[in-house]
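# Chains, contacts and geometry: an overview
Below, each chain spelled out in residue letters.
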Amino acid sequence: MSLFHLVAPSGYCINQAAAALGVRRLEKNGHRVEHQQVITRRDRRFAGSEAERLSDINGLAQLTGKDRIVLAVRGGYGASRLLESIDWPALVARQQQDPLLICGHSDFTAIQLGLLAQGNVITFSGPMLAANFGAEPLNEFTQHHFWLALQNRTFTIEWQGHGPHCRAEGTLWGGNLAMFNSLIGTPWMPQIRNGILVLEDINEHPFRVERMLLQLLHAGILSRQRAIVLGSFSGATPNDYDAGYTLDTMVDYLRSRLAVPVITGLDFGHEARTVTLPLGAKALLVNSGDATTLTLSGHPVLSEEKMHS
């Protein structure tokens with residue numbers, strides 16, 4: 001079984017019961033969960049003081065051993081405050097030995113993209129402790145895809161995507177759209193060309209999603225990619241004022257402005273049902289009339305003995 005190391009660089013975990021349930025479930029399945037004290041830590045809206053949250057991240061460089069899974073407790077807000085104080089060279093050096101399998105999403109995207117930008121460190125955009133491992137009920141699709149990504153050097157995700165027929169190869173990157181956009185022009189935005197960019201968000205009205213995507217378009221980031229994949233945009237419900245303007249019509253407008261194929265429908269994001277994606281891995285995206293496949297490789301995985309334990 002695996003050793004999970006918890007980090008909480010962002011918001012205070014308001015759902016303490018869910019986090020506790022997540023720990024119990026992991027332990028019941030034979031896993032060890034360390035650094036649990038971060039769950040209850042609080043400083044106003046944050047999961048502890050700046051120094052405590054920074055220590056969570058910088059302390060990863062001192063973790064020893066193989067097959068350690070680093071799991072974010074939750075998202076929220078707070079990672080952006082830490083970026084200029086993170087010891088990026090130390091973390092990159094640690095990952096060049098026996099890479100930690102670092103997983104999270106939402107606000108955690110800022111740290112994940114920083115690691116990718118600073119040292120090509122691959123991390124996993126996937127479930128977190130409270131919202132996913134502590135979900136009621138536990139989502140089997142999410143659990144399956146988490147272990148699929150962490151245990152297989154090459155794996156394929158399949159779904160019924162919407163968009164033009166295409167075949168694209170490149171580096172997979174992306175994450176939460178709002179956090180992604182917040183890094184434009186900073187040292188923590190990866191400079192990836194000919195990549196496959198996957199984006200998701202929550203509680204953003206379709207026009208706000210469009211505005212952020214247009215910012216990426218105007219910055220030249222979208223046109224430099226081989227393909228754009230849009231995951232879930234939970235809470236993007238139009239209102240009466242929109243008069244027919246929806247997330248779908250927004251995507252149609254984006255496609256009219258962009259020569260790069262835009263594929264939708266991937267279960268990825270702030271939903272109970274979500275895949276796990278290795279950001280920085282090699283990717284092959286194929287969209288046909290029958291199915292969409294995304295094949296990923298080149299990411300760190302658990303060792304053979306852990307895979308079969």
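Everything numeric here is computed off the predicted structure, so don't read it as measured data.

## Notes on the sheet that holds strand S9 (residues 227–234)
As summarised here, the arrangement of the seven strands in space is S6-S13-S12-S7-S8-S9-S10, forming an open sheet in which the pairing is mixed. The open sheet has two edge strands with one neighbour each: strand S6 (154–159) and strand S10 (262–263). Relative to strand S13 (residues 292–297), strand S12 (residues 282–287) runs antiparallel, the two being bridged by six bridges. Residue pairing across strands places Lys282 opposite Ser297, the latter belonging to S13.

## Observations concerning helix H3 (residues 88–95)
Burial in H3 covers these residues: Trp88, Leu91, Val92, Arg94 and Gln95. End-on, the buried residues of H3 take up no more than an arc of 160°, which puts them together on one face. Of the surrounding secondary structure, the elements contacted by the buried residues of H3 are helix H2 (50–58), strand S4 (101–104) and helix H4 (109–119).

## Re the UniProt feature "domain: LD-carboxypeptidase N-terminal" (unreviewed entry) in the chain
Here, UniProt's "domain: LD-carboxypeptidase N-terminal" (unreviewed entry) annotation points to residues 6–126. Split by type, residues 6–126 is 34% helix and 14% strand. Its first and last C-alpha atoms lie 14 Å apart.

## Section: the pairing of S6
Burial along S6 is one-sided: Phe155, Ile157 and Trp159 are buried, while Thr154, Thr156 and Glu158, pointing the other way, are not. Note that S6 and S13 share six bridges and pair antiparallel. Each residue of the ladder has a partner; that of Thr154, found in S13, is Ser297.

## Some remarks on the state of the cysteines
In a disulfide, the sulfur atoms of two cysteines are held together by a covalent bond. Within the structure shown, the criterion is met by zero disulfides. We note that Cys103 lacks a disulfide partner, and the nearest cysteine sulfur, in Cys13, lies 16 Å from it.

## Some words on the environment of Pro187
The topology assignment puts Pro187 in the loop between helix H7 (177–182) and strand S8 (196–202). Residue class for Pro187 comes out exposed when judged on its relative accessible area of 52%. Along the chain, Pro187 and Asp56 lie 131 residues apart, while their C-alpha atoms are 21 Å from each other. The residues contacting Pro187, other than those within four sequence positions of it, are Ala117 and Gln118.

## Regarding the nonpolar core
Counting 53 residues, the largest nonpolar core has Ile86 and Phe180 as the members making the most contacts within it. If you tally residues by element for this core, the top one is helix H8 (residues 206–218), at six residues. In this structure, Phe180 is in contact with Leu113, Trp173, Gly174, Met189, Leu197, Leu199, Leu216 and Ile221, ignoring residues within four places of it in sequence. By size, the runner-up hydrophobic cluster in this structure holds 47 residues, among which are Ala8, Trp159, Leu277 and Leu294.

What counts and what doesn't
- Residues numbered from 1 in each chain as written.
- Predicted model: local features only at pLDDT ≥ 70, side-chain atom pairs only at ≥ 80, totals over all residues.
- Heavy atoms only, no water.
- Pairing = 2+ DSSP bridges.
- Helix = DSSP H or I, 4+ residues; strand = E, 2+ residues; numbered from the N terminus.
- Buried < 20%, exposed > 50% of the residue type's maximum accessible area, 1.4 Å probe, protein only.
- Arc of directions from axis to C-beta.
- Contact = heavy atoms within 4.5 Å.
- UniProt positions renumbered as here; feature names shortened; annotations may be inferred.
- Disulfide = S-S within 2.5 Å.
- Core = buried A, V, L, I, M, F, W, Y, C linked by side-chain atoms within 4.5 Å.

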